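So the chains spell out like this:
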Amino acid sequence: MYGFAGQMLRINLKTGNISKQILSESFAKEWLGARGMVAKILYDEVPRDADPMGPKNKLVIAPGVLTGTFVGAGSKCGFGAISPATNSHADSSVGGHIGPELKFAGYDLIIFDDISPEPVFLFIEDDKVELRSAKHLWGKGSIDTEKQLKEELGEDFEIATIGPAGENGVVFACITHDFGRNAGRCGVGAVMGSKKIKAIAIKGTKSFPIYDLKSLTKQTEAIIQRTKPHPNMAPWQKYGTALFVGWSNDQASFPTRNFQSSYYDQWQTIDGERLVEECRVIDKACFGCWMNCGKYSRAKTRHGDVYIEGPEYETIALIGGSCAMTSIHDVTFANYLCDNLGMDTESGGSVVAFAMECYEKGIITKDDLDGHELRWGNIDDFEFIINKIAYQQGIGKVLAKGTKGAAEILGKDSIKFAMQQKGLESSGYESRWAPSMLLSFMTSDIGAHHNRSWSITVDLELGRDEIKGKAPVVVYLQHIRPIYDTLSICRLFWGELDVMPEEYVESLNYVTGWHTTEDELLKTSEKIWNLTRAHFLKRNGGPGRIHDIPPARYYEEPILDGPAKGKVLSLEKINAMLDEYYEARGWDKNGNPTEELLLDLGMKAVVDDLKEINLLGKPLPDGIPKVRGQKLKPKAM
Amino acid sequence: MICNSVLTAKNKGTMTVYLKSGGKLREKLKPDVDQYTRKIEVEEGLSLREILNQFEIPVELIAFAFVDGRLERLDYFPEDGQVITLQPPVSGG
């Protein structure tokens, strides 16, 4: 089989049994890798009643079919599990080098089952695969652990680790790799910690077969030559994602003080310009990438200098804007704290911002904080509370459940400003004046994550106040994204450098020898989307619509200030957007997938599952749409 | 830091500016120098926003400009001969 290493590992952590199995070609062709494989494995293998932190949950590591190839930025690796934050399917990807390294060692997939009696790390050096004791690493920070393992094993091992937050079950704990790149979302690090896996260390020296290496090389060389002079290359190389802080603020979409506002008057203290001038040490790139958008940075702190890759836009938005920081050094330091403690900076920033608002409103008091304060923009307060969360101490034990879980304990209407969807904290775009962006967050299968569909430009093109006509475009974007997530390549080459989906289809066929079309990949995306929707319904009940309604802040509280002052969506408009969205998807009015749709996608088993729990969508009077999803038609000039 | 060079009235005349962009914005820009670049003649003293409006290039599709290795906003005042890279918004993080 071309494009794959051809083997997978099944590891039972309780018994220590490690089994090498042949990767089935039909499975690989159907699900491609990363997000696709993760979705199928979790759906089929994790019992419906399995506790996300218990022995029956699985941790899946899956690069994709283009990972480790010559295809530009084929660096990604998926980490998946039932999320303790959302109680459903979760996949989170990381760039860097660990995905390619796993394939070079000879494996396309690792599935961890059960719980180890003692802390362990997985050691892989080509054919040698062992669970080794991690007692000496347990309790250490993610960055510190990566450094120590590289010292112990050798610089050429690629390492992924968890920090104390993952060990202690913080529901937004992440998996960290390459000194600051993270599989950040949905608490995959907490699941890794619950299984007592501290780290994964991989060294691979093999290769895997490519069907038409000559054509692939020629295509990639042409893309390199074409993209090097691309106008977007220089600004991205200089600033990375941080360059969008000013734009997001201009557009009144920059979350400020826990999304109370969408405009931050101190944005120039924390933007890309400040990052590059004050903190950037060197640029970093993932495997196979010539854009180098990663910024390895130094922050000056009261403890001395610390080093970390970042902060990226999302971190600046959710720690910088949402916690109202006024120094890029403070944001970078907070980024370092989250990474070393092993927490997602997006959820971590959001949870602290939520706690700061609770403190402002008197819901959390000094008594809850050992006499400490929790003031907007105060880095010492941020450091205090983020440590409490990582070690589940005092109020940290409440906040470690994420904003939704914490609000359910704290009460006093705090759920209205717990800025999450389905239990996952929102990415860094305030959306009361960006309805399609909000719809993307509302309907995302894993919760409010921007990478599932980034549609704010749809709002810019079709009108910020308009709600009609946006849902089919959101569906289309939700189908484009999984192409990148299953092939396991960085989407920035598409968005930034005009490397188009059809070029990746060509690459895929050079790599595999298949004759796949873009339409087939879009259909795979739709299958994945419906599979994870069904999985969510199976584990969390229904109807689907109740999980898609956003926090009340979006429809009850007008934006406080800035260009979007006074903007707010009504619940009626939100439901109207959902109506349009469900129709575009072929789901019923309740937001449940219909039998006709699932059969059209070849998912008979899912029909049976949803029937069993009475959550199969009612037949649509006019049948399902033939085409689900629609490209944005550019506004006429 | 925003760095604008506001021209005084005595400098007013026409100037040449090169606008560059990729992606969807490139279609709107209608490049004529190379695949990414369009050469335009405009009155001196206009802000980038005014220039883009004059040439019917949709400002809502532009996140910022990149000029001489720096980020600039749409209220930037271009100078004769400058190459202005227009950056569309893209998600990331």
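Each chain has its residues counted from 1, following the order in which its sequence is written. Just so you know, chain letters begin at A and ligand numbers begin at 1, following the order they were written in. With pLDDT at 70 or above as the cut-off, local features in this predicted model cover only qualifying residues; side-chain atom pairs require 80 or more to be listed or tallied, and sums for whole chains, interfaces and linings still use all residues. Side-chain metrics in this entry use all non-hydrogen atoms of the structure; hydrogen atoms and water are not considered.

Colleague: It is not clear to me how the overall build of chain A should be interpreted in this structure. Could you clarify?
Modeller: Only DSSP runs of H or I covering at least 4 residues are called helices, and only runs of E covering at least 2 are called strands; the numbering of each starts at the N terminus. Across its full length, chain A carries 27 helices and 17 strands. Radius of gyration: over C-alpha atoms. The globule rule applied is 2.2 Å multiplied by the number of residues raised to the 0.38 power. Relative to its length of 637 residues, chain A is compact, with a C-alpha radius of gyration of 23 Å against a globular reference of 26 Å. Seen through its principal axes, chain A has C-alpha atoms that stretch 65 × 60 × 55 Å. The buried share among the 637 residues of chain A stands at 67%. Contacts: residue pairs with any heavy atoms within 4.5 Å of one another. Summarising the internal contacts of chain A: among those between residues at least 6 apart in sequence, 69% fall at separations of at least 24. Reported accessibility uses the Shrake-Rupley method at a 1.4 Å probe radius. Residues are deemed covered only where the shown protein chains occlude them. Total accessible area on chain A is roughly 20,800 Å²; 49% of this is exposed by carbon and sulfur atoms. The sign given to each residue is positive for Lys and Arg and negative for Asp and Glu; His and the chain ends receive no count. By convention, the point assigned to a charge is CZ for Arg, NZ for Lys, CD for Glu and CG for Asp. Of the charged side chains in chain A, 74 are positive and 86 negative; the average position of the first set lies 2 Å away from that of the second. The buried label goes to any residue with under 20% of its type's maximum accessible area, the exposed label to any with over 50%, and the partly exposed label to all in between, with areas taken from a 1.4 Å probe on protein chains only.

Colleague: Quick question: what am I supposed to make of the domain arrangement of chain A here?
Modeller: Often, the extent of an interface is quoted as the loss of accessible area upon association of its parts. Residues and elements named next belong to chain A. For chain A, the assigned domains are domain 1 (7-203), domain 2 (231-425) and domain 3 (435-497 + 517-612). Taken together, the contact pairs 33 residues of domain 2 with 35 residues of domain 3. Buried area, as used here, totals the accessible surface that two parts lose on assembly, with accessibility defined by a 1.4 Å probe and the loss added over both. Taking both partners together, domain 2 and domain 3 bury about 2,700 Å²; carbon and sulfur atoms supply 61% of that area. Among the residues of domain 2 in contact with domain 3, Lys416, Gln421 and Lys422 are the three that bury the most area, contributing 27% of the side total. Criterion for a salt bridge: a side-chain nitrogen of Lys or Arg within 4 Å of a carboxyl oxygen of Asp or Glu. Taken together, the connections running from domain 2 to domain 3 amount to three salt bridges. For Glu556, the salt bridge goes to Lys416, with nearest N and O atoms at 3.0 Å. Definition of a polar contact: a pair of N or O atoms within 3.5 Å, with one able to donate and the other able to accept a hydrogen when the atoms are protein atoms, and with sequence-neighbouring residues admitted only if both atoms are side-chain atoms. The interface formed by domain 2 and domain 3 includes 16 residue pairs in polar contact (both at pLDDT 80 or more). Every element with two or more residues in the side of domain 2 that touches domain 3 is listed here: α8 (233-239), α9 (245-250), α13 (345-360), β16 (420-421) and β17 (424-425). Nonpolar residues are Ala, Val, Leu, Ile, Met, Phe, Trp, Tyr, Cys and Pro. Charged residues are Asp, Glu, Lys and Arg, and all others, Gly as well, are polar. The residue makeup of the side of domain 2 that touches domain 3, split by class, is 16 nonpolar, nine polar and eight charged. Boundary definitions for the domains trace back to an automatic or database domain assignment.

Colleague: Whenever I open this one, the layout of surface pockets confuses me. Can you help?
Modeller: Sizing a probe to match a water molecule and rolling it over the atoms shows the empty space that remains. Roughly 1,000 Å³ of internal volume is contained in the largest pocket. Surrounding the largest pocket, 36 residues form its lining, Trp494, Gly495 and Met500 of chain A together with Gly23 and Lys24 of chain B being those nearest its centre. Breaking the lining of the largest pocket down by element, the ones donating at least two residues are α18 (456-462), α19 (471-487), α20 (492-497) and α21 (501-512) of chain A together with α1 (23-29) of chain B. Residues of the lining of the largest pocket, tallied by class, amount to 19 nonpolar, six polar and eleven charged. Residues are called lining when one of their atoms sits within 4 Å of a cavity or pocket point, these points coming from a 1 Å grid over the protein atoms alone, where a cavity is a set in which a 1.4 Å probe fits but cannot get out and a pocket is an open set with protein on both sides within 12 Å along at least five of seven lines. Grid points are joined across faces, edges and corners, and a volume is the space filled by probe spheres set on the points.

Colleague: Quick question: what am I supposed to make of a negative patch on the surface here?
Modeller: Within the patch definition used here, like charges are joined within 9 Å and nonpolar side chains (Val, Leu, Ile, Met, Phe, Trp, Tyr) within 5 Å, considering only residues with over 30% relative accessible area and no salt bridge. A contiguous patch of negative charge, built from Glu41, Asp68, Glu79 and Asp80 of chain B, is present on the exposed surface. Its location among the elements puts Glu41 of chain B in strand β2 (residues 37-43).

Colleague: What exactly am I supposed to notice about the packing of aromatic side chains here?
Modeller: Centre distance and the angle of the planes are the two values used to describe a pair of aromatic rings. Stacked, edge-to-face and tilted labels apply to pairs of Phe, Tyr and Trp rings (six-membered ring for Trp) whose centres lie within 6.5 Å, assigned for plane angles under 30 degrees, over 60, and everything in between, in that order. Counted according to the given criterion, the structure contains 23 aromatic pairs over all chains. For the ring pair Trp236 of chain A and Phe244 of chain A, a centre distance of 5.9 Å and an interplane angle of 55° mean the geometry is tilted. The two residues Trp236 of chain A and Phe244 of chain A agree in class, both being buried. Summarising the aromatic geometry, the rings of Trp247 of chain A and Trp454 of chain A are spaced 6.2 Å apart at their centres and angled 50° between planes, so their arrangement reads as tilted. Of this pair, Trp247 of chain A sits in helix α9 while Trp454 of chain A sits in the loop between α17 (435-443) and α18, placing them 207 residues apart in sequence. Grouping aromatic residues by their ring pairs yields a cluster made of Trp236, Phe244, Trp247, Phe254, Tyr264, Tyr313, Tyr429 and Trp454 of chain A together with Phe64 of chain B. One cation-aromatic arrangement involves Lys103 of chain A over Phe4 of chain A; the distance from NZ or CZ to the ring centre is 5.7 Å. Over a ring means this: the NZ of a Lys or the CZ of an Arg is within 6 Å of the ring centre and within 35 degrees of the ring normal. Stacked on the ring of Phe123 of chain A, the Lys or Arg Arg132 of chain A has its end atom at 3.6 Å from the ring centre.

Colleague: Honestly, the sheet that holds strand β1 (residues 7-12) of chain A in this entry has me stumped. Any pointers?
Modeller: Within a sheet, neighbouring strands are paired by backbone hydrogen bonds and run either parallel or antiparallel to one another. All names here are of chain A. Paired strands, as defined in this entry, are two strands with at least two bridges between them according to DSSP. Reading across from one edge, β2-β1-β6-β3-β4-β5 is the order of the six strands in this open sheet, with mixed pairing throughout. In this open sheet, the two edge strands, each paired with only one partner strand, are β2 (18-22) and β5 (89-94). Ignoring which end each strand starts from, the neighbouring axes of this sheet average 15° apart. Pairing analysis gives four bridges linking strand β3 (residues 58-63) to strand β6 (residues 109-113), with the strands arranged antiparallel. Paired with Leu59 across the bridge in β6 is Phe112. Axes here refer to lines fitted to C-alpha atoms; in helices the fit is confined to the stretch in contact. Angles between the N-to-C directions go from 0 to 180 degrees.

Colleague: Can you walk me through the pairing of strand β7 (residues 120-125) of chain A in this structure?
Modeller: Consecutive residues of a regular strand have side chains that alternate between opposite faces of the sheet. Residues and elements named next belong to chain A. With respect to burial, β7 is a largely interior element, five of its six residues being buried. In the sheet, β7 pairs with strand β8 (residues 128-133) via six bridges, with the strands oriented antiparallel. Counted as the bridge partner of Phe121 is Arg132 from β8. Count of turn residues in the β7/β8 antiparallel hairpin: two residues, of which Asp126 carries a positive phi of about 55°.

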